[in-house]
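Coordinate inspection notes
What follows is the residue order along each chain.
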Amino acid sequence: MSHLVVFDLDGTLTRQRGGFELLHTLYGTTSEAETLMDRFEAGEITFAEWCRGAVDVWRANDVTKSDIERATRAVKPKAGAVDLLKHLQGTDIRFGILSAGVANLATQFEPYEPAFVRGNWLRFEDGRISGIDVGVGPNEKGEVLRKIRTSQNPTSIAYIGDSHTDTEAFVEADTAVLFDPDERVPEAAVDAADTVIESADIIKIRKNILRM
């Protein structure tokens, strides 16, 4: 057994705060995205339906697999993220990624050998987006982290996140770090975190990991 560090993706390992929002911006579908969000926040559609609605919009705009791959390559890592993951490679501490966003945008971190990447994966067929496998909703990270604990059987889990979607994971983790908080982060997330780091350089959390 070994310790496990689990990172949120958007706003934690990457500079952009939301993967879905990024793709809508890139492909000129922000107005459709706003309509979908209004319906989701009103309780008219579920999170899974919201995800599938986004995919329908992108398909209608002829977004291809190559477009998503280019977006993935263009995503900028958070300051210090690459150095931190390289550091973890040289230890017996494993890491994984748990995202309520578009999991495909995490593929740039594959060279650092994550134990897992959990999120919502876009599917492709004949070079075009064909669907999405919805795996992690905005209020489901605690439940997913419990399953990860069972399957990975770590000595302890540290969870690093930046927003409201991380609240339940903070509660479940043994060590919870609220890193570079989103301006919309609720008090519940602040209260659930063991440490709050007001910095955009993720290398600052290394001392929290080394305490594990």
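How each quantity is defined
- Residues numbered from 1 in each chain as written.
- Predicted model: local features only at pLDDT ≥ 70, side-chain atom pairs only at ≥ 80, totals over all residues.
- Heavy atoms only, no water.
- Pairing = 2+ DSSP bridges.
- Helix = DSSP H or I, 4+ residues; strand = E, 2+ residues; numbered from the N terminus.
- Contact = heavy atoms within 4.5 Å.
- Axes fitted to C-alpha atoms, helices over the stretch in contact; angles between N-to-C directions.

Focus: the pairing of strand E3 (residues 117-125)
As paired elements, strand E2 (residues 94-102) and E3 share three bridges and run parallel to each other. Residue pairing in the sheet places Ile-97 in a bridge with Val-117 of E3. With five bridges connecting them, E3 and strand E4 (residues 128-133) associate as antiparallel partners. If you follow Phe-124 over to E4, its bridge partner there is Ile-129. Counting the residues in the hairpin turn of E3 and E4 gives two residues, including Asp-126, whose phi is positive at 55 degrees.

A word on the environment of Phe-116
The residue Phe-116 is located in the loop between E2 and E3 in this model. Beyond its immediate stretch of four places on either side in the chain, Phe-116 contacts Leu-4, Val-6, Phe-95, Gly-96, Ile-97, Ile-148 and Gln-152.

Concerning the sheet that holds strand E6 (residues 175-179)
Overall, mixed pairing links the seven strands, which are arranged E4-E3-E2-E1-E5-E6-E7 in an open sheet. Looking along the sheet, the strands with just one partner apiece sit at the ends: E4 and strand E7 (195-197). For this sheet, the mean angle separating the axes of adjacent strands, direction not counted, is 30 degrees. As paired elements, strand E1 (residues 4-7) and strand E5 (residues 157-161) share four bridges and run parallel to each other. Among the inter-strand pairings, Leu-4 is bridged to a residue of E5, identified as Ile-157. Packing of helix H1 (residues 19-26) onto the sheet brings it into contact with E2, E3 and E4, and relative to E2 it is tilted by some 50 degrees. Its contacts with the sheet put helix H6 (residues 141-152) on E1, E2, E3 and E5, and the angle it makes with E2 is roughly 150 degrees.

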